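As a plain string of letters, each chain reads:
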Amino acid sequence: MSHLNLIGATGEYFVCAELCRKGVLAILTPKNNPLFDIVATSLDGQKSVTIQVKTRSIQNKLGWRLGAKFSATTQNIDFVVLVNLLAEGSPEYYVYTHTELAKRVESIYASYISQPKKDGMPRKDVGFRWFDENSFSTEDKSRKNNWSKIIDKLQ
């Protein structure tokens, strides 16, 4: 298992632990599931949601790296939790519906790609999208450690 895989697994376990602390049954899916990492259910098992986890390492100062097709992959993913691992203490969590995060990321990328490079040349499409605190709106900041959307969906 690579260092990056360990970082990803760390974030997934932290998300499961936080949800369980809040009375939600959260279960990791088998590794390499291309769509989601966690299935969370109400304690009675009557309602469930799927969650994709994106984890940012302590050393990563650039933000969360998402694939270029992130916005197109909306089926079967209810929520995305961005995990920011910190050197000390608990991680920070930013909870989005997949659709909400996809719209934010594409909006930021569209703004970036529309601006020419310093030499005046147009920017080329790249195979990934960055999302970080420099791009955070007030709405994004309000998502920090706010699990209410997931919990409300399971009640």
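Residues numbered from 1 in each chain as written. Predicted model: local features only at pLDDT ≥ 70, side-chain atom pairs only at ≥ 80, totals over all residues. Heavy atoms only, no water.

(A) Quick look at the layout of surface pockets. Of the volumes computed, that of the second largest pocket is approximately 190 Å³. Surrounding the second largest pocket, Leu62, Val105, Ile108, Tyr109, Tyr112, Val126, Phe128, Arg129, Trp130, Asp132 and Ser135 form its lining. Here the lining of the second largest pocket takes four residues from helix α2 (residues 98–114), the largest share from any one element. (1 Å grid on protein atoms, 1.4 Å probe; cavity = no way out; pocket = protein on both sides within 12 Å on 5 of 7 lines; lining within 4 Å. Points joined across faces, edges and corners; volume = space filled by probe spheres on them. Helix = DSSP H or I, 4+ residues; strand = E, 2+ residues; numbered from the N terminus.)

(B) Looking closely at α2. With 17 residues, α2 should reach 24 Å at 1.5 Å per residue; the first-to-last C-alpha distance of 24 Å fits that figure. Along α2, the residues classified as buried are His98, Leu101, Ala102, Val105, Ile108 and Tyr109. The arc enclosing the buried residues of α2, seen along the axis, measures out at 140°, which places them on a common side. Along α2, the residues that are exposed and aim more than 90 degrees away from the buried face are Lys103 and Ser114. Where α2 is buried, its residues touch β3 (48–56), β4 (64–67), β5 (79–84), β6 (92–97) and β7 (128–131). (Expected span 1.5 Å × (residues − 1). Buried < 20%, exposed > 50% of the residue type's maximum accessible area, 1.4 Å probe, protein only. Arc of directions from axis to C-beta. Contact = heavy atoms within 4.5 Å.)

(C) Representation of the side chain of aspartate 37 within the structure. In this fold, aspartate 37 is placed in the loop between β1 (25–28) and β2 (38–41). The buried charged residue aspartate 37 lacks any salt bridge, with lysine 31 as its nearest oppositely charged partner at 6.0 Å. In contact with aspartate 37, other than residues within four places in its own chain, are Glu12, Ile27, Leu28, Thr29, Ile51, Gln52 and Val53. (Lys, Arg positive; Asp, Glu negative; His and termini not counted. Salt bridge = Lys/Arg side-chain N within 4 Å of Asp/Glu carboxyl O.)

(D) Region of interest: the environment of isoleucine 113. Following the sequence through the fold, isoleucine 113 ends up in helix α2. Between the C-alpha atom of isoleucine 113 and that of glutamate 133, which follows or precedes it by 20 residues, the distance is 19 Å. Excluding residues that lie within four positions of it along the chain, isoleucine 113 makes contacts with Arg123, Lys124 and Asp125.

(E) Just the nonpolar core, in detail. Val15, Leu19, Ile51, Val81, Trp147 and Ile150 are the most contacted members of the largest nonpolar core, which totals 21 residues. Counting residues per element, the ones that place at least two in this core are α1 (3–21), β2, β3, β5, β6 and α4 (148–154). (Core = buried A, V, L, I, M, F, W, Y, C linked by side-chain atoms within 4.5 Å.)

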